[in-house]
Amino acid sequence: MPKSRRAVSWVVYQVNIDGKTAGRNAVCEQTEWDAMEQAKPGQYTLVRSGIASEAEAERLARGTSGDPTPRTPRRG
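As the structure is a prediction and not an experimental result, all values here were calculated from the model.

Asks: Just to check I follow, could you spell out the pattern of salt bridges for this structure?
Replies: Two side chains carrying opposite charge are able to pair once their charged atoms lie near each other. Taken as a whole, this structure holds one salt bridge when the rule is applied. Of the charged contacts in the structure, one is a salt bridge between Glu56 and Arg48, with a shortest N-O distance of 3.5 Å. Assessed through its relative accessible area of 29%, Glu56 is described here as partly exposed. The class of Arg48 is partly exposed, set by a relative accessible area of 39%.

Below, the structure written as structure tokens:
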């Protein structure tokens, strides 16, 4: 009998250093976020929660970084 898959929700967050956001986004599961926020309230800034897939969360966290560079046609 196959194992049942649990529904996983993902979040994107930023780390705060000295009260300021560090500027980089990170990704984790909702349950991990809940534990982090409970252990150190205010240490992290939630960017977005309730993301359905890890791939979607990674794309959101990355923003435009890693996107292909637009090509411009050469004049001949």
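Next comes the rest of the account.
Asks: How do you make sense of the pairing of strand β1 (residues 10-17) when you look at a structure like this?
Replies: A regular strand places its side chains so that they alternate between the two faces of the sheet. Burial analysis of β1 places six of its eight residues in the buried class, the great majority of the element. One ladder, built from five bridges, connects β1 with strand β3 (residues 44-51); its direction is antiparallel. The residue of β3 that forms the bridge with Val15 is Tyr44.

Asks: I'm lost on the pairing of strand β2 (residues 20-29) in this one. Help?
Replies: Pairing of β1 with β2, which is carried by seven bridges, proceeds in the antiparallel orientation. Counterpart to Val11 in the pairing with β2 is Cys28. Hairpin connection between β1 and β2: a loop of two residues separates the two successive antiparallel strands, and Asp18 in this loop has a positive phi of roughly 55°.

Here is what the cut-offs are and how they apply
Residues numbered from 1 in each chain as written. Predicted model: local features only at pLDDT ≥ 70, side-chain atom pairs only at ≥ 80, totals over all residues. Heavy atoms only, no water. Salt bridge = Lys/Arg side-chain N within 4 Å of Asp/Glu carboxyl O. Buried < 20%, exposed > 50% of the residue type's maximum accessible area, 1.4 Å probe, protein only. Helix = DSSP H or I, 4+ residues; strand = E, 2+ residues; numbered from the N terminus. Pairing = 2+ DSSP bridges.

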